[in-house]
There are 2 protein chains.
Amino acid sequence: MALLPSLRAALPNATIWDAAELASRDPGFDTRNFGASALVRPRDVEEVAALVKFCSERGISLVAQGGRTGLAGGAATSQGQVICDLGGLNRIEDIDPFTRVAIVQAGVTLGALQEAAAQHGLDPGIDLAARGSATIGGMVSTNAGGIMAFRNGTMRHRVLGLEAVLPDGRLFCDLTRVLKTSAGYDLKHLFIGAEGTLGIVTRVALRLDPVAGASATALVGVPNAASAQHIVRHFLTSTSARLTAAEILWRNFASLMQRSLNYASGSLPLDAPCLLVLGLGADSIEAARSALEGGLAAIWEEVGIVDGLVASSEGQAAAMWRLREETVEIERAHPMAPSFDVSVPAGALDAYVARIEAGLKKLDASYAPYVYGHLADGNLHISLNCEGPVPHERHEAIEDVLYEGLREAGGSFSAEHGVGLEKREAYERHADPVKRDLAKAIKELIDPGNVMNPGKVVG
Amino acid sequence: MALLPSLRAALPNATIWDAAELASRDPGFDTRNFGASALVRPRDVEEVAALVKFCSERGISLVAQGGRTGLAGGAATSQGQVICDLGGLNRIEDIDPFTRVAIVQAGVTLGALQEAAAQHGLDPGIDLAARGSATIGGMVSTNAGGIMAFRNGTMRHRVLGLEAVLPDGRLFCDLTRVLKTSAGYDLKHLFIGAEGTLGIVTRVALRLDPVAGASATALVGVPNAASAQHIVRHFLTSTSARLTAAEILWRNFASLMQRSLNYASGSLPLDAPCLLVLGLGADSIEAARSALEGGLAAIWEEVGIVDGLVASSEGQAAAMWRLREETVEIERAHPMAPSFDVSVPAGALDAYVARIEAGLKKLDASYAPYVYGHLADGNLHISLNCEGPVPHERHEAIEDVLYEGLREAGGSFSAEHGVGLEKREAYERHADPVKRDLAKAIKELIDPGNVMNPGKVVG
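Computed from a prediction, not measured in an experiment: that's the story for all the values here. (Residues numbered from 1 in each chain as written. Chains lettered and ligands numbered in written order. Predicted model: local features only at pLDDT ≥ 70, side-chain atom pairs only at ≥ 80, totals over all residues. Heavy atoms only, no water.)

1. Quick notes on the overall build of chain A
Here is step 1 of the chain: Helix and strand counts for chain A stand at 17 helices and 18 strands.
Here is step 2 of the chain: The C-alpha atoms of chain A give a radius of gyration of 23 Å, which matches the 23 Å a tight globule of 459 residues would have.
Here is step 3 of the chain: Per-residue burial for chain A yields a buried fraction of 60% across its 459 residues.
Here is step 4 of the chain: Considering only residue pairs separated by 6 or more positions, chain A has 72% of its internal contacts joining residues 24 or more positions apart.
Here is step 5 of the chain: Working note: accessible area of chain A is about 16,200 Å², and carbon and sulfur atoms make up 51% of it.
Here is step 6 of the chain: Side-chain charges in chain A split into 41 positive and 54 negative, and the spacing between the mean points of these groups amounts to 3 Å. (Helix = DSSP H or I, 4+ residues; strand = E, 2+ residues; numbered from the N terminus. Rg over C-alpha atoms; globule rule 2.2 N^0.38 Å. Buried < 20%, exposed > 50% of the residue type's maximum accessible area, 1.4 Å probe, protein only. Contact = heavy atoms within 4.5 Å. Areas by Shrake-Rupley, 256 points an atom, 1.4 Å probe, with all protein chains shown as cover. Lys, Arg positive; Asp, Glu negative; His and termini not counted. Charge placed at Lys NZ, Arg CZ, Asp CG, Glu CD.)

Right, dumping it as C-alpha cells:
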C-alpha cells in the first residue's frame, strides 16, 4: 500500500496531511519543516506509539515537530519522511501548587503553561520570545535557555521527569515530580536536547517557581564586559533584591538597534562600549527601583560605569528592552545574515569578542559582527553584517573563527539553539571525538534502524 | 604474575596496598569498603587510565572510592577486586571568580572546596554533614543532595562539566564551564549518579554561587506538613529575604532528639506534631531575624502555627539545628536501625507519612518510625525504632510499605544516597522496567566486560 493510505489505515483517528496539504500550510520558522511526504497529528500517547511502530517496521524516517520555532533546522524534513506533529497532545494535565510541579503534554505551548501556572501564582521559570508557539516538548528536545537561565537553569534543569516513546514503540516513563532522586542512571537526560533523535517526548514534569514581587529595569553603559560582570556579581550577592535579567549589548549591535528604533540621541544612556540591561526583582516596584539605584550608586566609581538610568515608568523599561529584543532588525538590515549562538565562560567575554572581531576582519575587512546576549551565563548571539547565506567555505571559515578554542576554554559552539542540521558540521569539527563516538554508539543502541530524525545532531 | 606484583609493575609510582594493609586501615562508613585484594591510589588521570586498562584487559573488577562516606554500599568491595582510590587526585585546579566556576580533581573534599571558594566570596551551593571526607567525585557519582537542594539543586545541577576515564581507558572529556550548552547529547549525565559503574570521574567543573549576607534560624511548631509547606511558599515568594533551609521533624523523631540532647522542656517550642527548622538569609543578621519574625507573624493564624521562636543568638540557632542534625542518636538508641531515604512530592507528605505509619504498624505493632528531612523538596529520611539488620524478608516487607506507589506518585525510593548494594533489590522491584532495560543496555554498551563496580546499581 502507498504511504498515505497505509498511515490512514494504521491511525484512523489521527489528523493526516499529505505533501500537497503540507505545501499549502505555514511551515514555521524554517521552510524545510514541511518537506515531508506526510504529517500525522496523534491525539494521544498511544497514537504516537502506533505511529512510531508503523515507521520503525517500515524503516520510514519520523521527525517530531512542536511549534516549529527551532533555529537550527532540527525539524527540517524531506521527501519520504513522516512528521509526528505533537500539536494534538496539548493538555496541561496537572498543576500541583503545593509541590510546585506541572505535568504537561509535549504539545503545550510555553505561553499556555505560563498562563495556567500564573493562576496559582507560579511560573515555569523559563521564558523566550517564541513563547506563543514554542512547545514544551520542543523546548525539552532542544534544551531551551532564555534570559532567566543564569538563575533558573535551562530546560534541562527545569525538567523533573519525562515520558518518551522509544523507537521500538515502548514507553520510557519517568514522570518523577521530585528534584531529588538518585535511583540509578538518570536516563531522562538522554532525551533532553536530543532533538527527537532517540525517541519522541510525550509528557513532561516541570518545576514551577512562585512568582515574586515586581521587577525594575535599568540601562547601564560600561566600558567592557568585565565591568558588567562586576555589576552582576554585586547584585547576585545582595539578598534584598533578586537579579532577574542581565543582558549585554556591544556597541555595534546597540547602534543598529538605536537607529532602527529611531531612538532620539540623549533619550537613553546609549553612548558606551557596552550596554547592560538589568532587571531586579523586589517586593514592590518602588523597592526594586530603589535597590537598583542604590546598588548602582554604590559601585559606580569602582566599576567605572559610564552612564546609567533606572527606568521610571513601564514605558521607559519597555524601550530599554526593545533595544535588546528587536533582533529582527538585523534580519531586516541583512537578510539571512549568518548567525551564531555560543557560550563563553563569562570571565573571558572581552577577550573572546576582541579575538573574533579581529579574526572576522581578517576574513573580510568589512565584517563587524553584532554581538549581544545573556551576560550572566556567557551566552552570546552573534550575527554578521552581511547578507546570507554565504558560500559554504566562507561559512566554515567564519565558524572556525568563532568556535576555535571554545571547547578548550569550557564554552560551547551551540548554547541554546541545538545542533539540528545547521551545526552538524560544527559538531563534527568542534565537539570532543570521544563524546561523539559515545553519542553515536548510544544512537545506534536506542535507534538501530535510524528512524528517529535521521541526519540530525549525531548524523 | 600474581595481582600485586603485576599492579606494582604496571603502576610503579602509585601507592598500592594489599589485602593485609587494607585490613589494618579504617574502611570508612561501610566495613565492606576494604574487602578488596588491593587498593591503588593513582597520582593523576593518566595513572587512573592505566589502572582501568590494566583491570579491563584482565577482567578484574575495579571499584572507585572517594571519601568512603556513602550510605548505600556503593563502594563495598570483595576479594579479587581492586579499589581505585581517588585520594591522590586532590588538587583544586582553578577557581574563576568572574565565571564563578571551580575546576577540581575528583578526590578534593567538599570541605576543601568550600574553604577555597570562600576566599573568593563564593560557595559550591551544596552542603552535607560528611563535608570533611566526602569527595567531589563521590558526590558526583552518587548525585548528592543535602539541605540546599530545594534552592540550588543536587550535585547533578551543580556540575557544568566533567572528565571520566571510560572502561576502555579512553578519556571522556567535557570540561564545559558554562551553564548553557545544547551541542548534542549531554552525556556527562550518564556518569552523574552512576556510582562508578560506567567509568571513573576524574575532574569536575562546578558552579559556584556568591555567598550572600547572613542567615537567621527559627524553630516553628505546626500541625502538619501542609502547614509547613504554606510557610515555605510564603518565604519563597518574598524577594526581601532568601529561604536557605526548611527542615521538617515529625514528633517521634523530635522527641527522641529532645531526650537525647537533654533539652529542658520549655526551652524551645517543641510540643507540636511537626517541627520546622527554617533558615532565612538577608543582608544582615538583624534583617534576617526581622524578616523571619515578620513573615511568621503575617501568616501565623492563617497557617495555624502552634508555636515558634526566632533564634536570638548563634547558640540558640545551633541548638535548633542540633535537633535536626544529631541523627547519630537514632543509631545510639537502635544500632543498625533499618533506614531509608525517599523523595515524596511535597504536597503529598502528610498522606504518605500517615500511610507508612499505618502500614508499618500492621507489620509490627511496635514500629513507630522516625521521620525527618528536607521539606521543600520532599526528601524524607526514615529510620525504624528497632535494632538492625532485620531478616531479609522483613526488610523487603518494610520496603514494600515505604516504596509502594511512590513511583506512580512521582517520588523516588532513593532520593540522595544512591542505589549501591543496599537498594539493588528495591531497584529491581520498584524502578520502571523500561528504564531498567535501557540502563542495562547502556551499561553493556559502555562496560561490556562488566569491570566497573560490578553488581552495583544496574547489577
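So much for the structure itself; the text now carries on.
2. Structural notes on the relation of the copies chain A and chain B
Here is step 1 of the chain: Superposing chain A onto chain B requires a rotation of 180 degrees together with a translation of 0.0 Å along the rotation axis, leaving an RMSD of 0.0 Å. Within this description, the copies of the chain are treated as partners about a two-fold rotation axis. Among all residues of chain A, the one whose C-alpha sits closest to the rotation axis is Ser240(A), at a distance of 2.2 Å.
Here is step 2 of the chain: Both copies present the same face, since 100% of the interface residues in chain A are matched by interface residues at the equivalent positions in chain B. (Least-squares fit on C-alpha atoms with pLDDT ≥ 70 in both.)

3. Brief notes about the domain arrangement of chain A
Residue and element names in this part refer to chain A.
Here is step 1 of the chain: We note that the domain assignment places domain 1 (3–88), domain 2 (92–210), domain 3 (214–326) and domain 4 (334–437) within chain A.
Here is step 2 of the chain: Domain 2 puts 9 residues into the contact, and the matching count from domain 4 is 8 residues.
Here is step 3 of the chain: For the domain 2 and domain 4 pair, buried surface summed over both sides reaches about 560 Å², with 48% attributable to carbon and sulfur atoms.
Here is step 4 of the chain: It is Gly146, Phe150 and Glu195 in domain 2 that bury the most area against domain 4; as a group they hold 59% of the surface buried on that side.
Here is step 5 of the chain: Between domain 2 and domain 4 we count 4 residue pairs in polar contact (both at pLDDT 80 or more) in total. (Domains from an automatic or database assignment. Buried area = accessible area lost by both parts, 1.4 Å probe. Polar contact = N/O pair within 3.5 Å; in protein donor to acceptor, adjacent residues only side chain to side chain.)

4. Remarks on the packing of helix α14 (residues 349–363) of chain B against helix α15 (residues 392–403) of chain B
Packed helix pairs are characterised by how far apart their axes lie and by the angle those axes make with each other.
Residues and elements named next belong to chain B.
Here is step 1 of the chain: Relative to each other, α14 and α15 sit at 155 degrees, their axes nearing to 9 Å. One way to sum up the angle between α14 and α15 is to call them roughly antiparallel. For α14 against α15, the interelement crossing comes out right-handed. On α15, the residues touching Tyr352, Arg355, Ile356, Gly359, Leu360 and Leu363 of α14 are Arg394, Ala397, Ile398, Val401 and Leu402.
Here is step 2 of the chain: Partitioning the contact of α14 with α15 into residue classes produces 8 nonpolar, 1 polar and 2 charged. (Axes fitted to C-alpha atoms, helices over the stretch in contact; angles between N-to-C directions. Parallel < 35°, antiparallel > 145°, perpendicular 65-115°, else oblique. Left-handed = near helix turned anticlockwise from the far one by under 90°. Nonpolar A, V, L, I, M, F, W, Y, C, P; charged D, E, K, R; others polar.)

5. Describing the packing of helix α9 (residues 225–237) of chain B against helix α11 (residues 285–303) of chain B
Residues and elements named next belong to chain B.
Here is step 1 of the chain: Viewed as axis vectors pointing N to C, α9 and α11 meet at an angle of 135 degrees, and their least axial separation amounts to 10 Å. Considering the angle they form, α9 stands oblique to α11. For the pair α9 and α11, the crossing hand works out as right-handed. Residues Ser227, His230, Ile231, His234 and Phe235 of α9 form the contact with α11, whose participating residues are Ala291, Leu292, Gly295, Leu296, Ile299 and Val303.
Here is step 2 of the chain: Residues that form the contact of α9 with α11 fall into these classes: 7 nonpolar, 4 polar and no charged.

6. Digging into the interface of chain A and chain B
Here is step 1 of the chain: Each side of the interface is counted separately: chain A has 95 residues, and chain B has 95 residues.
Here is step 2 of the chain: Of all residues in chain A, the largest losses of buried area upon contact with chain B belong to Lys180(A), Tyr185(A) and Thr239(A), amounting jointly to 14% of the total for that side.
Here is step 3 of the chain: In this structure, the connection of chain A to chain B is made through 8 salt bridges.
Here is step 4 of the chain: Between Asp377(B) and Lys180(A) there is a salt bridge, with the nearest N and O atoms lying 3.6 Å from each other.
Here is step 5 of the chain: Here chain A and chain B share 44 residue pairs in polar contact (both at pLDDT 80 or more) between them.
Here is step 6 of the chain: Among the elements of the structure, α6 (149–152), α7 (155–158), β9 (171–174), α8 (188–191), α9 (225–237), β14 (274–282) and α17 (433–446) of chain A are those that each provide at least two residues to the side of chain A that touches chain B.
Here is step 7 of the chain: Here the element with the most residues in the side of chain A that touches chain B is α17(A); it accounts for 10 residues.
Here is step 8 of the chain: Looking at the side of chain A that touches chain B, its residues break down into 44 nonpolar, 34 polar and 17 charged. (Salt bridge = Lys/Arg side-chain N within 4 Å of Asp/Glu carboxyl O.)

7. Some thoughts on the confidence of the model for chain A
Here is step 1 of the chain: Mean pLDDT for chain A: 96, with 100% of residues reaching 70 or above.
Here is step 2 of the chain: Here the predicted complex carries an ipTM of 0.96, next to a pTM of 0.97. (pLDDT = per-residue confidence, 0-100.)

8. Some details on helix α1 (residues 3–10) of chain B
Residue and element names in this part refer to chain B.
Here is step 1 of the chain: Of all the positions in α1, only Leu4, Ser6 and Leu7 are classed as buried. The arc that holds every buried residue of α1, seen down its axis, measures 165 degrees, which confines them to one face.
Here is step 2 of the chain: Contact partners of the buried residues in α1: β1 (15–18), β2 (38–41), α3 (45–58) and β4 (82–85). (Arc of directions from axis to C-beta.)

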